[in-house]
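An overview of the molecular structure
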Amino acid sequence: MKTHFSLSDFDFTLPEELIAQHPAAERSASRLLDGRELSLVDRRFTDLPGLLMPGDLLVFNDTKVVKARLFGQKSSGGRLELLIERVLSHHADAGHEVAAHMKVSKKPLPGAVMQMDGGFTATLLGRWPNADGPLYRFRMSSDPYALMAQHGHVPLPPYITHTDSADDEQRYQTVFARAPGAVAAPTAALHFDEAVLAQLEARGIRRANVTLHVGAGTFQPVKAENIADHVMHFERFEVPPATLQAIADCKARGGRVVAVGTTTVRALESNAKFGPDCNDTNIFITPGFEFAVVDLLLTNFHLPKSTLMMLVSAFSGYEHIMALYRHAIAQRYRFFSYGDSMLLARKPAA
């Protein structure tokens, strides 16, 4: 059993054709790799209700993906792309400020006004969250949420090669998305449709929500070979009192807390670790982490060398996860955001 891990331990070779470029014809038509036991079982996603027990609690992330990708140009005419990671203020008196990633050939200086496609402006104020922060702070000419809704593009992940379409606008969003603010979908929840939700309810499986606004950092590969040197990105989250109560009730009746997606895990375990006052987390879950809340995890397949490979390895055991991924590649499962899913059990604490 490995106890010390470096970045290369979380690498694997994925044939490019297994990266799903489009969603399955229907949400719940995806495959489900049942990895709860050492022996792996190939299933369909529609089998999920039968794999859970009455009294279990499914916890979803109800964040809503915003059309955060905006295009425009500098005064020199050079093209640029903004990916709005976070709306800092959306009231006129507070300045319509956002924190964004900026893709441009030559970085403009603070004070520069960008003419954005759609006829609005974005004024560069500086870096964010501090003078050498990774993001840029902009003042938009009107409410950022309204501008994104009208002129923005779906922020599809970097490995999806087509430009966003009306289909993406619908399918890169969960059926219960509620709170706008994410620049990436909580992808494990994309498989749920009304029929599956109704079956879960009929079986006596409860539901609760958290909100974690997924940031673009979720796609960032870790670059430090010593994973302890990796600087984790922050994401805003909220675990409502009703959800904390639902979890306590679930544990009391002997049910299992089933996190739908790694973002739900991050929210629940951050709340348990840092307390109710924490609403901005950079929790970095690596092997050796002690889970306090989550018993089962439904998740998609993750990028090599990503923090999410480390999270699932912490949850189910490194050797088990690597065996699961080898099986998924051999059986030609579809990978990443529009891909298939797997169901994992928490390995007992050492």
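Keep in mind that what you see is a predicted model, and the values were worked out from it rather than measured.

Here is what the cut-offs are and how they apply
Residues numbered from 1 in each chain as written. Predicted model: local features only at pLDDT ≥ 70, side-chain atom pairs only at ≥ 80, totals over all residues. Heavy atoms only, no water. Helix = DSSP H or I, 4+ residues; strand = E, 2+ residues; numbered from the N terminus. Rg over C-alpha atoms; globule rule 2.2 N^0.38 Å. Buried < 20%, exposed > 50% of the residue type's maximum accessible area, 1.4 Å probe, protein only. Phe/Tyr/Trp six-rings, centres within 6.5 Å; stacked < 30°, edge-to-face > 60°. Contact = heavy atoms within 4.5 Å. Pairing = 2+ DSSP bridges. Axes fitted to C-alpha atoms, helices over the stretch in contact; angles between N-to-C directions. Salt bridge = Lys/Arg side-chain N within 4 Å of Asp/Glu carboxyl O. Core = buried A, V, L, I, M, F, W, Y, C linked by side-chain atoms within 4.5 Å.

**Quick notes on the overall build of the protein**
Looking only at helices and strands, the protein features eight helices and 17 strands. Here the protein has a C-alpha radius of gyration of 20 Å; the compact-globule value for 350 residues is 20 Å, and the two agree. Across its three principal directions, the C-alpha atoms of the protein cover 60 × 40 × 40 Å. Within the protein, the fraction of its 350 residues that count as buried is 55%.

**Here we look at the packing of aromatic side chains**
Scanning the entire structure with this criterion turns up 18 aromatic pairs. Ring geometry for phenylalanine 301 versus tyrosine 325: centroids 5.5 Å apart, planes at 80°, classification edge-to-face. Of this pair, phenylalanine 301 sits in the loop between strand E16 (296-300) and helix H7 (307-316) while tyrosine 325 sits in helix H8 (residues 318-330), placing them 24 residues apart in sequence. As far as the burial class goes, phenylalanine 301 and tyrosine 325 line up, both buried.

**Brief notes about the environment of leucine 298**
Within the secondary structure layout, leucine 298 lies in strand E16. It is 33 Å that separates the C-alpha atoms of leucine 298 and proline 144, two residues lying 154 residues apart in sequence. With residues near it in sequence (within four places) discarded, leucine 298 still touches Leu32, Phe45, Leu48, Ala188, Phe192, Ala259, Val260, Gly261, Ser341, Met342 and Leu343.

**Structural notes on the sheet that holds strand E1 (residues 31-35)**
The nine strands are arranged E2-E1-E17-E16-E14-E3-E12-E13-E15 in an open sheet whose pairing can be described as mixed. Each edge of the open sheet is held by one strand with a lone partner, namely strand E2 (41-44) and strand E15 (280-281). The sheet contact formed by strand E3 (residues 57-61) and strand E14 (residues 257-260) spans three bridges and is parallel. Bridge pairing in E14 places leucine 57 opposite valine 257. Seen against the sheet, helix H6 (residues 262-274) touches E3, strand E12 (206-212), strand E13 (235-238), E14, E15 and E16 and runs at an angle of roughly 80° to E12.

**Here we look at the pairing of E13**
What you see with E13 is a clean split: Glu235 and Phe237 sit on the buried side and Arg236 and Glu238 on the side with no burial. Sheet topology places E12 next to E13; two bridges connect them, and they run antiparallel. Residue pairing in the sheet places threonine 211 in a bridge with glutamate 238 of E13. In the sheet, E13 pairs with E15 via two bridges, with the strands oriented antiparallel. Paired with glutamate 235 across the strands is threonine 281, a residue of E15.

**Topic: the environment of glycine 254**
Among the structural elements, glycine 254 can be located in the loop between helix H5 (241-252) and E14. C-alpha separation for the pair glycine 254 and glycine 55, spaced 199 residues apart in sequence, amounts to 7.8 Å.

**Here's the deal with the pattern of salt bridges**
For the coordinates displayed, the defined rule picks out 15 salt bridges. In this structure, the salt-bridge partner of arginine 256 is aspartate 56, at a minimum N-O distance of 2.7 Å. Separated by 200 residues along the polypeptide, arginine 256 in the loop between H5 and E14 and aspartate 56 in the loop between helix H1 (48-51) and E3 bring together distant segments of the chain. Lysine 103 is the partner of glutamate 81 in a salt bridge, and the nearest nitrogen-oxygen pair spans 4.0 Å. Of this pair, glutamate 81 sits in strand E6 (residues 79-87) while lysine 103 sits in strand E7 (residues 97-104), and the two are 22 residues apart along the sequence. The buried category is assigned to glutamate 81, whose relative accessible area is 15%. Via salt bridges that share partners, Asp34, Arg36 and Arg43 belong to a single interconnected network.

**Topic: the pairing of E16**
For E16, a buried count of five out of five residues is recorded, marking the element as mostly surrounded by other parts of the structure. Alternating positions in E16 separate into two faces, Leu296, Leu298 and Asn300 on one and Leu297 and Thr299 on the other, with burial throughout. Note that E14 and E16 share three bridges and pair parallel. Considered in E16, the bridge of valine 260 is made with leucine 298. Bridging between E16 and strand E17 (residues 341-345) involves five bridges; their strand directions are antiparallel. Each residue of the ladder has a partner; that of leucine 298, found in E17, is leucine 343.

**Quick look at the nonpolar core**
In summary, soluble globular proteins display a tendency toward joint burial of nonpolar side chains. Grouped together as the largest cluster of nonpolar side chains are 67 residues, with contacts concentrated most on Tyr172, Leu268, Tyr325 and Phe335. Mapped by element, the contributors of at least two residues to this core are E3, E12, H5, E14, H6, H7, H8 and E17. Element by element, the count of residues in this core is highest for H8, at seven residues. Beyond its immediate chain neighbours, meaning those up to four positions away, phenylalanine 335 contacts Phe12, Leu14, Leu18, Ile19, Ala20, Phe301, Tyr325, Ala328 and Ile329. Among the nonpolar cores identified, the runner-up in size contains 24 residues, and Leu70, Phe120, Leu124 and Met148 belong to it.

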